[in-house]
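Architecture at a glance
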Amino acid sequence: DVKVTQSSRYLVKRTGEKVFLECVQDMDHENMFWYRQDPGLGLRLIYFSYDVKMKEKGDIPEGYSVSREKKERFSLILESASTNQTSMYLCASSRIMNTEAFFGQGTRLTVV
Amino acid sequence: QKEVEQNSGPLSVPEGAIASLNCTYSDRGSQSFFWYRQYSGKSPELIMFIYSNGDKEDGRFTAQLNKASQYVSLLIRDSQPSDSATYLCAVNTNAGKSTFGDGTTLTVKP
């Protein structure tokens, strides 16, 4: 079974802090994705990566950056957390483009 | 116009009925289409995928795709209370980017 593991289930951070969300997948997938999910707004793509050290902006990249130094790990960075970044963050991976995505368990981030 | 739109719901059906979930998309270059199920407090999980026009059946689930009309649907036959969840339509473009609809919440009443 594919496993996508996010480092934290719940996080509480202060406004202005630098926040790291980590995601690891164990199936040698090429592609990894970061989404945020908000009530009434659905799943929105923040960034994705189709190879090590490669990244592409999604629909809402502002205020975020990513890092993919190793194939299995994709990190989402909030450079200076703000309250409007309070959300559920979901990491996903897929073997190749246009195949199904496997999701991690999600990180519920609260910025106070 | 949103790139992927789903019937807003919530949708409520009695146990044993057919639930019909609909999704339209705007990008004619879209290549692949997915239905995910998300239980409350859980992550999305794949139910069906479809790449070609027509119907694809898997047990009680049927996905239907009409690229000319830019429409994809999911039918759930003999609905069960365990089918109660939010159903997400996802559309992949040629670049591999997945765009999700907002989801339709389905409740199956015993």
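Below is a summary of the structure that appears in this document. (Residues numbered from 1 in each chain as written. Chains lettered and ligands numbered in written order. Predicted model: local features only at pLDDT ≥ 70, side-chain atom pairs only at ≥ 80, totals over all residues. Heavy atoms only, no water.)

**What about the sheet that holds strand 3 (residues 19–25) of chain B?**
Residue and element names in this part refer to chain B. We apply this condition: DSSP-based pairing: two strands are paired if at least 2 bridges between them are found. Think of it this way: any DSSP run of H or I at least four residues long counts as a helix, any run of E at least two long counts as a strand, and we number them from the N terminus. Axes, fitted as lines to C-alpha atoms, cover a helix only where it is in contact. Angles between the N-to-C directions of the axes lie from 0 to 180 degrees.
The five strands lie next to each other as 1-3-8-7-6, forming an open sheet whose pairing is antiparallel. Here the strands that pair on one side only, and so sit at the sheet edges, are strand 1 (4–6) and strand 6 (54–58). Adjacent strand axes in the sheet meet at a mean angle of 15° when their direction is disregarded. Across six bridges, the pairing between strand 7 (residues 61–66) and strand 8 (residues 71–76) is antiparallel.

**Describing the state of the cysteines**
Residue and element names in this part refer to chain A. The cut-off we apply is this: Only a pair of cysteine sulfur atoms within 2.5 Å counts as a disulfide in this structure description. Exposure categories follow from relative accessible area, calculated using a 1.4 Å probe and restricted to protein chains: below 20% of the type maximum is buried, above 50% is exposed, and the middle band is partly exposed.
Summed over the entire model, instances satisfying the criterion amount to two disulfides over all chains. Sulfur-sulfur distance for the disulfide between Cys23 and Cys91 comes to 1.9 Å. Across the S-S bond linking Cys23 and Cys91, the dihedral sits near -80°, which makes this disulfide left-handed. Residue Cys23 is found in strand 3 (residues 19–25), and its partner Cys91 is found in strand 9 (residues 87–94); the two are separated by 68 residues along the sequence. Residue Cys23 is classed as buried on the basis of its relative accessible area of 0%.

**Things to note about the pattern of salt bridges**
All names here are of chain A. Inclusion rule: The term salt bridge refers to a pairing of a side-chain nitrogen on Lys or Arg with a carboxyl oxygen on Asp or Glu at a separation within 4 Å.
Here the structure, examined in full by the defined rule, presents nine salt bridges over all chains. Between Lys18 and Glu79 there is a salt bridge, and its shortest N-O distance comes to 3.7 Å. Separated by 61 residues along the polypeptide, Lys18 in the loop between strand 2 (10–13) and strand 3 and Glu79 in the loop between strand 8 (73–78) and strand 9 bring together distant segments of the chain. On the basis of relative accessible area, Lys18 is assigned to the partly exposed category, the value being 46%. For Glu79, a relative accessible area of 41% gives the class partly exposed. Glu30 is the salt-bridge partner of Lys71, the closest N and O atoms lying 2.9 Å from each other. Residue Lys71 is found in the loop between strand 7 (64–70) and strand 8, and its partner Glu30 is found in the loop between strand 3 and strand 4 (31–38); the two are separated by 41 residues along the sequence. With a relative accessible area of 30%, Glu30 lands in the partly exposed category.

**Regarding the interface of chain A and chain B**
Rule in force here: Residues count as neighbours in contact if any of their non-hydrogen atoms are within 4.5 Å of one another. Polar contacts, as counted here, are pairs of nitrogen or oxygen atoms within 3.5 Å of one another; within protein the pair requires one atom able to donate a hydrogen and one able to accept it, and residues that are adjacent in sequence qualify only if both atoms are side-chain atoms.
Between chain A and chain B, the contact holds 21 residues from the first and 23 residues from the second. Inspection of the region where chain A meets chain B yields zero salt bridges. For the pair chain A and chain B, the interface holds four residue pairs in polar contact (both at pLDDT 80 or more). When contributions to the side of chain A that touches chain B are tallied by element, the ones reaching two or more residues are strand 4 and strand 5 (42–49) of chain A.

**Thoughts on the environment of Gln6 of chain A**
Residue and element names in this part refer to chain A. Tracing the sequence through the fold places Gln6 in strand 1 (residues 4–6). Each C-alpha atom, one on Gln6 and one on Leu76, is 11 Å from the other, the two residues being 70 residues apart in sequence. Ignoring any residue separated from it by four or fewer positions in sequence, one finds Gln6 in contact with Glu22, Cys23, Trp34, Tyr89, Leu90, Cys91, Gly104, Gln105, Gly106 and Thr107. Of the polar contacts made by the side chain of Gln6, one reaches the backbone oxygen of Tyr89; its length is 3.0 Å.

**Details of the sheet that holds strand 1 of chain A**
Strand pairs in the sheet, formed through backbone hydrogen bonds, run parallel or antiparallel to each other. Residues and elements named next belong to chain A. As summarised here, the arrangement of the four strands in space is 1-3-8-7, forming an open sheet in which the pairing is antiparallel. The sheet is open, and its two borders are formed by strand 1 and strand 7, each paired with just one other strand. Across the sheet, the mean angle separating the axes of adjacent strands is 20° when strand polarity is ignored. The sheet contact formed by strand 7 and strand 8 spans five bridges and is antiparallel. Within strand 8, the position partnered with Tyr64 by the bridge is Leu78.

**What about the pairing of strand 4 (residues 32–38) of chain B?**
Note on strand geometry: in a regular strand, side chains alternate between the two faces of the sheet. Residue and element names in this part refer to chain B. With seven of seven residues buried, strand 4 lies mostly within the body of the structure. Side chains Ser32, Phe34, Tyr36 and Gln38 project from strand 4 onto one buried face, and the interleaved Phe33, Trp35 and Arg37 project onto a second face that is buried too. Across seven bridges, the pairing between strand 4 and strand 9 (residues 85–92) is antiparallel. From the neighbouring strand, Trp35 faces strand 9, where its bridge partner is Cys89. Pairing of strand 4 with strand 5 (residues 45–50), which is carried by five bridges, proceeds in the antiparallel orientation. Paired with Arg37 across the bridge in strand 5 is Glu45. Counting the residues that bridge the hairpin from strand 4 to strand 5 gives six residues, and of these Gly41 lies at a positive phi of roughly 80°.

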